[in-house]
Amino acid sequence: MSDEPGTPDTTAGSTGGPTGPRPEPLRFFGTSWVNHDDGYAARRAGVAAGSLAAAAVACLILRFAYQGLQIADTGSFVTVLVVAMFAICSALAFRNTWDRFGRRPDPDRQASLRGLLAIGFVGSLLAYFFRSLIEAPGERLHRTEYEAARDRHERRATRRTGNPSKKKRPR
């Protein structure tokens, strides 16, 4: 069971009873990433379009903020600092989000980067867009874990061939 009461554990290594491990669902995709069924291609197209649209809206909002700095006449130094901050934070957020698709993130590191990732949200949205052009974001990591869990289950299941209590004892 997961930490939430009444919520089943859906990690890649959790067993689904006699059938073996269950795949971990991905955001927006559920478990359709396993067999690429149930509207997988349409979901990928939707995620790509949605993340690109969200990034475009975010850039529009940042442009309004930039125009606000121009109207406030804060000076070129402050304007350059703000633009550089958003550019650097977006680049770092892109890299962090892209890396998270390939390996499980460290919770402590994620907590310490929360502010930086919030400022660089455009980079995270763009990473999500580019990854959804290749595959469902996080699919490769989940597929690797799921296949490893299935292999472990197969090795355990094939080792046992019957009920050991019904085994004939030598006399």
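A quick note: this is a predicted structure, and the numbers were derived from the prediction, not measured.

### Digging into the overall build of the protein chain
Along the backbone of the protein chain there are six helices and zero strands. Reading the secondary structure of the protein chain in the N-to-C direction produces α-α-α-α-α-α. Relative to its full complement of 171 residues, the protein chain shows a buried share of 28%. For the protein chain, the share of sequence-separated contacts (at least 6 apart) that also reach a separation of at least 24 residues comes to 64%.

### Looking at helix H1 (residues 40-72)
Taking 1.5 Å as the rise per residue, H1 with 33 residues should run 48 Å; its terminal C-alpha atoms sit 48 Å apart, in good agreement. Of all the residues in H1, the buried ones are Tyr-40, Arg-44, Val-47, Ala-48, Ser-51, Ala-55, Ala-58 and Leu-69. Two residues or fewer past H1, Asp-73 is found with a positive phi of approximately 55°.

### So, the packing of H1 against helix H2 (residues 76-100)
With their axes 10 Å apart at the nearest point, H1 and H2 run at an angle of 165° to one another. Overall, the two elements H1 and H2 adopt an arrangement that is roughly antiparallel. Considering only the axes of H1 and H2, their crossing is right-handed. On H2, the residues that touch Leu-62, Tyr-66, Leu-69 and Gln-70 of H1 are Thr-79, Val-82, Val-83 and Phe-86.

### Some words on the side chain of Ser-32
Tracing the chain through its elements places Ser-32 in the segment before H1. Reaching out from Ser-32, the side chain makes a polar contact with the backbone oxygen of Phe-29 at a distance of 2.7 Å. If we skip the residues at most four places from it in the chain, Ser-32 touches Asp-37, Asp-38, Tyr-40 and Arg-43.

### Focus on the packing of aromatic side chains
Aromatic ring pairs are described here by two measures, namely the spacing of the ring centres and the angle between the planes. A complete count under the given rule lists seven aromatic pairs for this structure. Here the aromatic rings of Phe-94 and Phe-130 are separated by 6.4 Å at their centres, their planes lie at 75°, and the arrangement is edge-to-face. With a gap of 36 residues between them, Phe-94 in helix H2 and Phe-130 in helix H5 (residues 121-134) connect regions that are remote in the sequence. Three or more aromatic residues link up through ring pairs in this structure, and these residues are Phe-94, Trp-98, Phe-129 and Phe-130. Over the ring of Trp-98 we find Arg-131; its NZ or CZ atom is 4.4 Å from the centre of that ring.

### Some remarks on H2
With 25 residues, H2 extends 36 Å from end C-alpha to end C-alpha; this agrees with the ideal 36 Å at 1.5 Å per step. All of the buried residues along H2 are Thr-79, Cys-89, Ser-90, Ala-93, Asn-96 and Thr-97. Close packing links the buried residues of H2 with H1, helix H3 (107-112), helix H4 (114-119) and H5.

### Focus: the pattern of salt bridges
Overall, the coordinates contain seven salt bridges when judged by the stated rule. Taking the shortest distance from any N to any O, the salt bridge between Glu-139 and Arg-143 comes out at 2.9 Å. Note that Glu-139 and Arg-143 are positioned in helix H6 (residues 139-159) at a spacing of four residues, about one turn of the helix. Overlapping salt bridges, with partners in common, bring together Glu-24, Arg-104 and Glu-145 in one network.

Procedures and definitions
- Residues numbered from 1 in each chain as written.
- Predicted model: local features only at pLDDT ≥ 70, side-chain atom pairs only at ≥ 80, totals over all residues.
- Heavy atoms only, no water.
- Helix = DSSP H or I, 4+ residues; strand = E, 2+ residues; numbered from the N terminus.
- Buried < 20%, exposed > 50% of the residue type's maximum accessible area, 1.4 Å probe, protein only.
- Contact = heavy atoms within 4.5 Å.
- Expected span 1.5 Å × (residues − 1).
- Axes fitted to C-alpha atoms, helices over the stretch in contact; angles between N-to-C directions.
- Parallel < 35°, antiparallel > 145°, perpendicular 65-115°, else oblique.
- Left-handed = near helix turned anticlockwise from the far one by under 90°.
- Polar contact = N/O pair within 3.5 Å; in protein donor to acceptor, adjacent residues only side chain to side chain.
- Phe/Tyr/Trp six-rings, centres within 6.5 Å; stacked < 30°, edge-to-face > 60°.
- Lys NZ or Arg CZ within 6 Å of the ring centre and 35° of its normal.
- Salt bridge = Lys/Arg side-chain N within 4 Å of Asp/Glu carboxyl O.

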